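# Tertiary structure, described
For reference, the chains in residue letters:
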Amino acid sequence: MSKAKNLQTGHVGLNVTDMDRSLAFYREVFDFAVLAEGKEEGRRWAFLGRDAQLLVTLWQQSEGAFATDRPGLHHLSFQVDTIDEVRATEAALRHLGAEFSYDGVVPHGEQASSGGIFFTDPDGTRLEVYAPSGADPADAPTSGAPTCGFF
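A short tour of the structure in this document, coming up. (Residues numbered from 1 in each chain as written. Predicted model: local features only at pLDDT ≥ 70, side-chain atom pairs only at ≥ 80, totals over all residues. Heavy atoms only, no water.)

### Observations concerning the pairing of strand E3 (residues 45-50)
The sheet contact formed by strand E2 (residues 33-38) and E3 spans five bridges and is antiparallel. Among the inter-strand pairings, Gly38 is bridged to a residue of E3, identified as Trp45. Between E2 and E3, which pair antiparallel in sequence order, lie six residues; one of them, Gly42, sits at a positive phi of approximately 85°. Relative to strand E4 (residues 53-60), E3 is paired through six bridges, and the arrangement is antiparallel. Of the residues in E4, the one forming a bridge with Phe47 is Thr57. (Pairing = 2+ DSSP bridges. Helix = DSSP H or I, 4+ residues; strand = E, 2+ residues; numbered from the N terminus.)

### Some thoughts on the pattern of salt bridges
Tallying each qualifying case throughout the model produces six salt bridges. In this structure, Arg21 and Asp123 form a salt bridge, with 2.8 Å as the shortest nitrogen-oxygen distance. With a gap of 102 residues between them, Arg21 in helix H1 (residues 19-30) and Asp123 in the loop between strand E7 (115-120) and strand E8 (126-131) connect regions that are remote in the sequence. Exposure remark for Arg21: the relative accessible area of 36% places this residue in the partly exposed category. Because the salt bridges share partners, they merge into one network encompassing Glu90, Arg94 and Asp103. (Salt bridge = Lys/Arg side-chain N within 4 Å of Asp/Glu carboxyl O. Buried < 20%, exposed > 50% of the residue type's maximum accessible area, 1.4 Å probe, protein only.)

### As for unusual backbone geometry
Phi is positive for Asp31, which is not a glycine, with a value near 55°. Within the fold, Asp31 resides in the loop between H1 and E2. Backbone geometry places Gln111, a non-glycine residue, at a positive phi of 65°. With respect to the helices, strands and loops of the structure, Gln111 is situated in the loop between strand E6 (106-107) and E7.

Have a look at this one:
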């Protein structure tokens, strides 16, 4: 039996505390469509994506906030084509009052031209939107490690 040759990440499932709040956030920030949804009390869920491709699932089955000091998801990252798209996402997030880890677009590290924005969703889940080029490498907020590793 051979290993899968074309392994890819499928969708990412996130636990949320308030489905309505999270749906509004993910739809506004990422322009996701609701592909399917469960509205039964005690069993709320939503499948989000674009062009019928499932990207993120939300499950209302948690309490509290995202714990950065526990094993599990470190952060969820989305790649876009250009830094201008990163900046447009940043503007939408600022309008929503999102919390950022760094001010504005930052490179992934010293002398890196890839970079983006680092922020949290309403439950504190760490998120990133980045472009593979266009960041100013002079503005690296961390030294000796990737920016996305310790925010």
